[in-house]
Amino acid sequence: MAVNPNEDTEFNDALRKYGIIPPKETTPPTPSPPSSPKLHDVLDDLTPEELKELGEEITDEDLDRDIDSYRRQRLAQEQLQQKRARFGRVYPIGRDDYTREVTEASKIDEEGDEEEKGTGVICFLYKDGIPRSDRTFGHIHALASRYPHSKFVSIVGNKCIADLPDSRVPMLIVYRKGEIRNQLIAWGADRERQLEELEALLILCGALDISRGPLGERRATDGDDSEEEDDDYTSSRMRSAATSTNTRAPKNVRAQSKKDDSDSEFEFDM
């Protein structure tokens, strides 16, 4: 008797059990349809303006109230972030702006700062077309966005210091309370540097306010032991990342202005 191995019978099942005929081909399961996105997932992708337009098109009153409430919440969050962030980007400056935008700006205490520790200002001297300078400029932009309570300014190197050799570029000069705290000369000339290394050095020299954390949000200070452990770990990690760098002592760089507060006269020991 001829056996049809494709038939679904008890006899064929017995034959398959003992390997006389090949196993029955299984039909792949039908994939389940994707779940419908939740309302907040959809609203998260919309700007406040788009949320307003959507609310005007909705006829369901309950849904309209939900969308309007969500839009107001988003607007409040954006306004709060703008209020917290004093800077948040890199400001290009000229030589004549140096005293006002760097030295004097570093003396300004943030509103509500009881310690009166001024503002961390990082002046980035660069030259386009030099790979290490271009790469560091990208890191500067990222850090400026990450730490909006610190001020980042940029200026072409030889526009700030006459005849600055390319071998000294890029250069970073760090100020706080009107004083130079640190300087980095020819950053990345010895090897390719990572963003985390630059971030670590700027934190160690006091340019970045780690108590506010990335994005400028002040951390809680409730005396939690776990928070102290996090601080110890962060400090250790920062010191490790900053080891063996090409930093120079602050005393090697001096920026002096005329009595009329003009920024046209600079003196740098190179």
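Before reading further, recall that the structure is shown in the block above.
These lines cover the structure that appears in this document, whether it is placed above or below.

About the criteria used
- Residues numbered from 1 in each chain as written.
- Predicted model: local features only at pLDDT ≥ 70, side-chain atom pairs only at ≥ 80, totals over all residues.
- Heavy atoms only, no water.
- Core = buried A, V, L, I, M, F, W, Y, C linked by side-chain atoms within 4.5 Å.
- Buried < 20%, exposed > 50% of the residue type's maximum accessible area, 1.4 Å probe, protein only.
- Helix = DSSP H or I, 4+ residues; strand = E, 2+ residues; numbered from the N terminus.
- Phe/Tyr/Trp six-rings, centres within 6.5 Å; stacked < 30°, edge-to-face > 60°.
- Lys NZ or Arg CZ within 6 Å of the ring centre and 35° of its normal.
- Pairing = 2+ DSSP bridges.
- Right-handed = clockwise from strand over helix to strand, strands pointing away.
- Contact = heavy atoms within 4.5 Å.
- Arc of directions from axis to C-beta.
- Polar contact = N/O pair within 3.5 Å; in protein donor to acceptor, adjacent residues only side chain to side chain.
- Salt bridge = Lys/Arg side-chain N within 4 Å of Asp/Glu carboxyl O.

1. Considerations on the nonpolar core
Counting residues in hydrophobic clusters, the biggest one holds 22 residues, and the most contacted among them are Ile 122, Ile 140, Phe 152, Leu 172, Leu 198 and Leu 202. For this core, the secondary structure elements donating two or more residues are strand S2 (121-126), helix H6 (131-146), strand S4 (171-176) and helix H8 (195-204). For this core, the element with the highest residue contribution is H8, accounting for five residues. Grouped together as the second largest cluster of nonpolar side chains are 20 residues, Cys 123, Ile 155, Met 171 and Tyr 175 included.

2. Re the packing of aromatic side chains
A full pass over the atoms with the stated rule returns five aromatic pairs. Ring centres of Phe 87 and Tyr 91 lie 6.2 Å apart, and the angle between their planes is 85°; this geometry places the pair in the edge-to-face category. Residues Phe 124 and Phe 137 carry aromatic rings whose centres are separated by 5.0 Å and whose planes lie at 55° to one another, so their mutual orientation is tilted. With a gap of 13 residues between them, Phe 124 in strand S2 and Phe 137 in helix H6 connect regions that are remote in the sequence. Residue Phe 137 is classed as buried on the basis of its relative accessible area of 15%. If you follow Arg 193 out to its NZ or CZ, it ends over the ring of Trp 187, 4.8 Å from the centre.

3. Structural notes on the pairing of strand S3 (residues 151-156)
Within S3, five of the six residues are buried, leaving the element largely enclosed by the surrounding structure. When strand S1 (residues 90-92) meets S3, the two strands line up parallel, connected through three bridges. In the strand pairing of S3, Tyr 91 is matched with Val 153. A crossover connection joins S2 to the parallel S3 through H6; in handedness this β-α-β unit is right-handed.

4. So, the side chain of Ser 133
With respect to the secondary-structure elements, Ser 133 resides in helix H6. When near neighbours in sequence (up to four residues on either side) are disregarded, Ser 133 contacts Phe 124, Tyr 126, Lys 127, Val 169 and Pro 170.

5. A look at helix H1 (residues 10-17)
Of all the positions in H1, only Asn 12, Leu 15 and Arg 16 are classed as buried. Axial view of H1: buried residues confined to an arc of 100°, hence all on one face. In H1, the exposed positions that point more than 90 degrees away from the buried face belong to Glu 10 and Lys 17. Phi turns positive, to about 75°, at Gly 19, one or two residues after H1.

6. A closer look at the side chain of Arg 176
In this fold, Arg 176 is placed in strand S4. For Arg 176, a relative accessible area of 8% translates into the label buried. Within the structure, the side chain of Arg 176 is placed 2.7 Å from the backbone oxygen of Gly 206, a separation counted as a polar contact.

7. Regarding the pattern of salt bridges
For the structure on display, the rule yields eleven salt bridges. Close ionic contact of Arg 146 with Glu 199 constitutes a salt bridge, the shortest N to O distance being 3.2 Å. With Arg 146 in helix H6 and Glu 199 in helix H8, this pair connects stretches of sequence that are 53 residues apart. Between Asp 190 and Arg 193 there is a salt bridge whose closest N-O contact spans 2.7 Å. Each of the salt bridges in this network shares a partner with another, and the network as a whole consists of Asp 97, Arg 100, Glu 101 and Lys 151.

8. Quick word on the environment of Asp 64
Of note, Asp 64 is situated in helix H4 (residues 61-84). Sequence separation of Asp 64 and Leu 51 is 13 residues, and the distance between their C-alpha atoms is 10.0 Å. If near-sequence neighbours (up to four positions away) are discounted, Asp 64 is found in contact with Gly 55 and Ile 58.

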